[in-house]
Amino acid sequence: MSTQYVEPNRAARAANAVIRWLAELGISIAGTQALRVHGRKTGKQRAVVINLLTVDGVDYVVSPRGNTQWARNVRAAGVVEIGPCWRRERAGISEVPDAAKPELLKRYLTRWYWQVKGYAAGLTPESTDEQLRAAAPLIPVFALALPADKR
């Protein structure tokens, strides 16, 4: 399990709060979605904004900052709610093995590098397969499992 965590600065936290608020209203900025998960210690529902990556019909959630609180909560809970406040969908969620991450990380960086370039373990869209494999343990990636009627 990764121990890397790049903590956001005050400006990033403020921007994330605005983007999360918009995502809760159903307004997506470049593919953002609201994700809610119960805290592993308090049990309180926590919200975060994520970029939802879809590859071959499967939705993935990436934590480019590393082993964040929300990533640890997702790992412990195994269930999340995703979508705007009026249309939340409950989904199972499981961590992707490191061996399967390089291609997903490459696609994620190709789409959102402009947004995550300062904290994605030094990776770029041009990173080699070897660099992606080396960084895979540092970046949690999760696969969503929506109910069959929601796919």
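Scroll up to find the structure this text is about.
Note that the structure is a prediction, hence the values are computed from the model and not measured.

(A) Representation of unusual backbone geometry. With a phi close to 55°, aspartate 56 is a non-glycine residue in the positive phi region. Checked against the element boundaries, aspartate 56 lands in the loop between strand E2 (45-55) and strand E3 (58-62). Classification of aspartate 56 as exposed rests on a relative accessible area of 75%. A positive phi angle, near 55°, is found at alanine 121, a position not held by glycine. Take alanine 121: it is sitting in the loop between helix H3 (101-116) and helix H4 (129-135).

(B) Representation of the nonpolar core in the model. Within the largest apolar cluster, 19 residues are counted, with the highest numbers of intra-cluster contacts made by Tyr60, Leu105, Leu123 and Val141. If you list the elements that add at least two residues to this core, you get E2, E3, H3, H4 and strand E6 (141-145). Among the elements that line this core, the one with the most residues is H3, at six residues. With residues near it in sequence (within four places) discarded, tyrosine 60 still touches Asn51, Leu52, Leu53, Val55, Val96, Leu104, Val141, Phe142 and Ala143. Core analysis: the second largest hydrophobic core is formed by 16 residues, Leu35, Trp70, Ile82 and Leu144 among them.

Each value, and the rule that gives it
Residues numbered from 1 in each chain as written. Predicted model: local features only at pLDDT ≥ 70, side-chain atom pairs only at ≥ 80, totals over all residues. Heavy atoms only, no water. Helix = DSSP H or I, 4+ residues; strand = E, 2+ residues; numbered from the N terminus. Buried < 20%, exposed > 50% of the residue type's maximum accessible area, 1.4 Å probe, protein only. Core = buried A, V, L, I, M, F, W, Y, C linked by side-chain atoms within 4.5 Å. Contact = heavy atoms within 4.5 Å.

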